[in-house]
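# Geometric and topological summary
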Amino acid sequence: MVNENSVSHNAGSSELKWIDQKYVSMLYILIGFLLLIVPPYAMTMKSGIFNDDVLIVNTAFSLIVIALGLIEFLNVTGGTRILGSLFPVLMLILGVVTIFLYSHFYDTPWDQTYHLYIVNITSSGVFHIAYYKARDTISEMSSLGGVIIVLGALYELLYRKMA
């Protein structure tokens, strides 16, 4: 018996069941809210100082992730058809950007050489965050959130191709 909210295909003798895309879009929204909440929390840690520039960039980026998650939710539930088939590719790109949004405290030499980050929170400058635990928390939330967004986008691409 097939659930109304899932698509199934025969793959040999076993049946492949898909999770409804609305749950993936809800995951995008959750990641956006976590990206919005974690950096201010991290900056309140012991010895932490608020960096307004990081908060501005982070808030704008998080709101973009939340807005795109809401648009995808509306697309999937039938409320609108904005971006349609391009949406998973857009989320894939956004996920990769999210992975590399912040520099990591424990940079490897090739990270530093090739500048595999967009916002440098480890070196002194406008975006510098002094407390290393705050830097780690912010960069790891961004990296993990980006990986989840990329996996969600890949899932949506496969779902749309197979459905």
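Notes on the structure in this doc start here. (Residues numbered from 1 in each chain as written. Predicted model: local features only at pLDDT ≥ 70, side-chain atom pairs only at ≥ 80, totals over all residues. Heavy atoms only, no water.)

### Remarks on the nonpolar core
Residues Y28, M91, Y102, I121, I129 and I138 are the most contacted members of the largest nonpolar core, which totals 26 residues. Listing elements by their share of this core, those giving two or more residues are α1 (21-43), α2 (52-77), α3 (87-99) and α5 (132-162). Here this core takes seven residues from α1, the largest share from any one element. What I121 contacts, discounting residues up to four positions off in sequence, is V54, Y102, S103, F127, H128, I129, R135 and I138. (Core = buried A, V, L, I, M, F, W, Y, C linked by side-chain atoms within 4.5 Å. Buried < 20%, exposed > 50% of the residue type's maximum accessible area, 1.4 Å probe, protein only. Helix = DSSP H or I, 4+ residues; strand = E, 2+ residues; numbered from the N terminus. Contact = heavy atoms within 4.5 Å.)

### Observations concerning α3
In this model α3 runs 18 Å from its N-terminal to its C-terminal C-alpha over 13 residues, within 8% of the 18 Å that 1.5 Å per residue would give. Listing the buried residues of α3 in full gives F87, P88, M91, L94, G95 and T98. Burial along α3 is one-sided: seen end-on, the buried residues are contained in an arc of 120°. Its buried side turned inward, α3 meets α1, α2 and α5. (Expected span 1.5 Å × (residues − 1). Arc of directions from axis to C-beta.)

### Notes on α2
Between its terminal C-alpha atoms α2 stretches 37 Å, which fits the 38 Å expected from 26 residues at 1.5 Å a residue. Of the surrounding elements, those touching the buried residues of α2 are α1, α3 and α5. Of the residues flanking the start of α2, the one acting as N-cap is N51, its side-chain oxygen 3.0 Å from the backbone nitrogen of D53. A positive phi of about 90° marks G78, the residue just after α2. (Polar contact = N/O pair within 3.5 Å; in protein donor to acceptor, adjacent residues only side chain to side chain.)

Remember, this is a structural readout, not a statement about activity or role.
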